[in-house]
Amino acid sequence: MGNNVIGFYDSGVGGLSVLKVALNKIKNKNFVFFGDTLRMPYGARTNEEIKNYTMEVMGFFEDLDVDLSIIACNTATSHGLKESNERYKYPIIGVVEPGSENALERTKTKRVALVATKSCVESGVYDKVLKSMDPSIELRSVYCPDLTLAIERGEFEEEYMDGIVKKYLDYFEDYDFDTMILGCTHYPLVEDSFKRILKKQGKKVLMVDPAYKTVLDAMNILKIEKDNQEIPNRTIDFYITGDINLFRSTMEKIVDLSDFKVSFHQVDIKDLEKYR
Ligand code: DGL
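Since we're looking at a predicted model, the values are computed, not measured. (Residues numbered from 1 in each chain as written. Predicted model: local features only at pLDDT ≥ 70, side-chain atom pairs only at ≥ 80, totals over all residues. Heavy atoms only, no water.)

## A look at the UniProt feature "binding site: substrate" (unreviewed entry) in the protein chain
The cut-off we apply is this: UniProt positions are given in the numbering used here, feature names are shortened, and annotations may be inferred rather than shown by experiment. Each cavity reported here is a set of points on a 1 Å grid over the protein atoms alone in which a 1.4 Å probe fits but cannot get out, each pocket an open set with protein on both sides within 12 Å along at least five of seven lines, and each lining residue one with an atom within 4 Å of a point. A 1.4 Å probe rolled over the protein chains alone gives each residue an accessible area, and that area as a share of the maximum for its type sets the label: buried under 20%, exposed over 50%, partly exposed in between. Any two residues whose heavy atoms approach within 4.5 Å are treated as being in contact. Segments assigned H or I by DSSP are reported as helices when at least four residues long, segments assigned E as strands when at least two residues long, and all are numbered from the N terminus. Pairs of N or O atoms are called polar contacts if they sit within 3.5 Å, as long as, within protein, a hydrogen donor faces a hydrogen acceptor (for residues adjacent in sequence, only side-chain-to-side-chain pairs).
The sites that UniProt annotates as "binding site: substrate" (unreviewed entry) are D10, S11, Y42, G43, N74, T75, T185 and H186. The annotated residues occupy 177 residues of the chain but converge on a single region, no pair of C-alpha atoms lying more than 11.9 Å apart. Lining the largest cavity, from this annotated set, are N74 and T185. Given the relative accessible area of 15%, G43 is considered buried. Apart from residues no more than four positions distant in its own chain, G43 is found in contact with T75, T117, K118 and S119. Note on placement: H186 falls in the loop between strand 7 (179-182) and helix 9 (191-200). Relative accessible area serves as the criterion here: at 1%, H186 is assigned to the buried category. When sequence neighbours within four positions are dropped, the list of residues in contact with H186 reads D10, S11, G12, V13, G14, M40, T148, I151 and E152. Of note is the side chain of H186, whose polar atom sits 2.7 Å from the side chain of E152.

This is the structure:
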């Protein structure tokens, strides 16, 4: 067991959608969050780059002696989870399996829609994992690059966000599905926009945010009880590769961390190369 800390890793603010769920359920741990904002969007990166970045951050977290890391990024999970688990000895989990399990629990028609990044969609990882659990599942996927970037910039104005979401959901117009996986951790941050547009399209859809099942999995692995007791003076340390102020201004629109002792640390990506 490590330092009584759980690590969260994403390319940017998306991982906060997973951290938010954890804040509600896990009271007896401190948290560290790595946002690789200098190298985001991961969705436009090569598989090799994403794998290397993931290995670096998992090594960085190992040095911080975390109890467990959550790769709170579907794209990094797609290309870096397996290799990270092969190299590192401490527990590392991703969001794709929990998200897939949750989608299977929900769908009745077995027709599922996925919104994710380009890299995640092209990896076919959700298709593979879902079909390994239930071969009769049908999946249609769309990638939404503008959406990730708008969220990262903190542009949450309703009309603007709905316009972007609509552009992508129009691809599903002729697809009769009952469950949608928000397969990029940025997207649950604008789940209301998804719900509004789907409603306008006359679709009744159950949304899957992989964060919930992922956090439960982490609790199981670490044997954290449901009624775990809050420890005093909880801390969250943010490690950011890009502009800390930019990250912070979007973060403040997403999550209230006033109950925590929060610190920000600048990370130089050159210092991560040793973990490759
Ligand atoms: N939030 C990430 C994901 O879940 C990736 C966003 C990006 O950097 O493209 O896939």
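## Here's the deal with the sheet that holds strand 7
Selection rule: Should DSSP find at least two bridges between two strands, the strands are taken to pair. Orientation is described by lines fitted to C-alpha atoms, with helices fitted over the stretch in contact, and by angles between N-to-C directions that extend from 0 to 180 degrees.
Overall, parallel pairing links the four strands, which are arranged 6-5-7-8 in an open sheet. Because the sheet does not close on itself, it has two edges, and the strands there are strand 6 (138-143) and strand 8 (206-208). Averaged over all adjacent pairs, the angle separating strand axes in this sheet is 25°, with direction ignored. The strands that helix 6 (residues 125-133) touches are strand 5 (111-116), strand 6 and strand 7; relative to strand 6, the one it contacts most, it runs at about 160°.

## Details of the sheet that holds strand 2 (residues 30-35)
Spatially, the six strands line up as an open sheet ordered 4-3-1-2-9-10, and their pairing is parallel. Edge positions in the sheet fall to strand 4 (92-93) and strand 10 (261-266), since each has one partner strand and no second. When strand 1 (residues 5-10) meets strand 3 (residues 68-71), the two strands line up parallel, connected through four bridges. Counted as the bridge partner of Y9 is I71 from strand 3. Sheet strands in contact with helix 1 (residues 16-25) are strand 1, strand 2, strand 3 and strand 9 (235-240), and its direction is about 175° off that of strand 2.

## Some remarks on the packing of aromatic side chains
Condition: A pair of Phe, Tyr and Trp rings is counted when the ring centres sit within 6.5 Å of each other, with Trp represented by its six-membered ring. The angle between the planes then sorts it: under 30 degrees is stacked, over 60 is edge-to-face, the rest tilted.
Across all of its chains, the model carries 17 aromatic pairs by this definition. Ring geometry for Y42 versus Y53: centroids 5.5 Å apart, planes at 45°, classification tilted. With Y42 in the loop between strand 2 and helix 2 (47-63) and Y53 in helix 2, the pair connects residues that are 11 residues apart, well separated along the chain. The class of Y42 is buried, set by a relative accessible area of 1%. Residue Y53 is classed as buried on the basis of its relative accessible area of 6%. Consider the rings of Y88 and Y90, whose centres lie 6.2 Å apart with planes at 50°: the pair is tilted. For the pair Y88 and Y90, a shared accessibility class is recorded, and that class is buried.

## Quick notes on the UniProt feature "active site" (unreviewed entry) in the protein chain
Per the UniProt annotation, the sites labelled "active site" (unreviewed entry) are C73 and C184. Taking the farthest pair of C-alpha atoms as the criterion, the annotated set spanning 112 residues converges on one region, since that pair is 6.5 Å apart. A relative accessible area of 4% places C73 in the buried class. If we skip the residues at most four places from it in the chain, C73 touches Y9, D10, Y42, V95 and T185. Along the polypeptide, C184 turns up in the loop between strand 7 and helix 9. Residue C184 is classed as buried on the basis of its relative accessible area of 6%. Ignoring sequence-local partners within four residues, the contact set of C184 consists of N74, V115, A116, T117 and T148.

## Points about the site of the ligand
Our working definition: One heavy atom within 4 Å of a molecule or strand is enough for the residue carrying it to be called near that molecule or strand. Each accessible area is a Shrake-Rupley estimate made with a 1.4 Å probe; only the visible protein chains count as cover when residues are assessed.
Around the ligand, a shell composed of 14 residues is seen, among which S11, Y42, N74, T75 and T185 lie nearest. A distance of 2.5 Å is found between an oxygen atom of the ligand and a side-chain nitrogen or oxygen belonging to T75. Between the ligand and H186, the relevant distance is 2.9 Å, taken from a nitrogen atom to a side-chain nitrogen or oxygen of the residue. When isolated, the ligand has an accessible area of 300 Å², and the protein chains bury 99% of it.

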